[in-house]
Amino acid sequence: MLVFLQMVEAFLAICFAGEVRSQELSFVNPASGARLWGIVFYPADAEEGRRYPAVVIIPGGLGCGSEVVRTPEPLVIARAGFVVGCFDPDSRGRSEGKE
């Protein structure tokens, strides 16, 4: 039980340590022409022009990327030094288009 509590404590420390910057954006899906909504999370100390490892969170099934931003995953990954992108596929969440 002690090991589990230590793991939870470490996870919470990562979740709430440091700040993260985010930027909402929109872009056109070249295959469908639909305007898609997205958001990118950056480590707080990210420097313009510097390259960072990146993770793109692609919602599966009927999920929406805009739902992912309410979870801790993008923040935890960005705090670990990654740039994180999330988006809503065609006709889901805040995006336009047909599925």
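What comes next concerns the included structure.

Considering the pairing of strand 2 (residues 35–43)
For step 1, the next point in the chain: Counting buried positions along strand 2 yields seven of nine residues, so the element is predominantly enclosed.
For step 2, the next point in the chain: When strand 1 (residues 20–28) meets strand 2, the two strands line up antiparallel, connected through nine bridges. Bridge pairing in strand 2 links Arg21 to Tyr42.
For step 3, the next point in the chain: The antiparallel pairing of strand 1 with strand 2 creates a hairpin that spans six residues between the two strands, and Gly33 there sits at a positive phi of about 80°.
For step 4, the next point in the chain: Both strand 2 and strand 4 (residues 83–87) contribute to a ladder of four bridges, which runs antiparallel. Counted as the bridge partner of Phe41 is Val84 from strand 4.

Section: the environment of Ser22
For step 1, the next point in the chain: By the element assignment, Ser22 lies in strand 1.
For step 2, the next point in the chain: Judged by its relative accessible area of 49%, Ser22 is partly exposed.
For step 3, the next point in the chain: For the pair Ser22 and Gly85, spaced 63 residues apart in the sequence, the C-alpha separation amounts to 9.5 Å.
For step 4, the next point in the chain: Sequence-distant contacts of Ser22, that is, excluding residues within four places in its chain, are made with Ile39, Val40 and Phe41.

Quick notes on the sheet that holds strand 4
For step 1, the next point in the chain: Pairing is mixed in the open sheet, where four strands are placed in the order 1-2-4-3. Where the open sheet ends on each side, the last strands, each with one partner, are strand 1 and strand 3 (54–57). Here the strands of the sheet are splayed against their neighbours by 20° on average, with no regard to which way each runs.

A few points about unusual backbone geometry
The phi angle of most residues is negative, glycine excepted, and most peptide bonds adopt the trans form.
For step 1, the next point in the chain: In the Ramachandran plot, Ser91 falls in the positive-phi region, its phi being about 65° despite a non-glycine side chain.
For step 2, the next point in the chain: Its place among the elements puts Ser91 in the segment after strand 4.

The rules we used
Residues numbered from 1 in each chain as written. Predicted model: local features only at pLDDT ≥ 70, side-chain atom pairs only at ≥ 80, totals over all residues. Heavy atoms only, no water. Buried < 20%, exposed > 50% of the residue type's maximum accessible area, 1.4 Å probe, protein only. Helix = DSSP H or I, 4+ residues; strand = E, 2+ residues; numbered from the N terminus. Pairing = 2+ DSSP bridges. Contact = heavy atoms within 4.5 Å. Axes fitted to C-alpha atoms, helices over the stretch in contact; angles between N-to-C directions.

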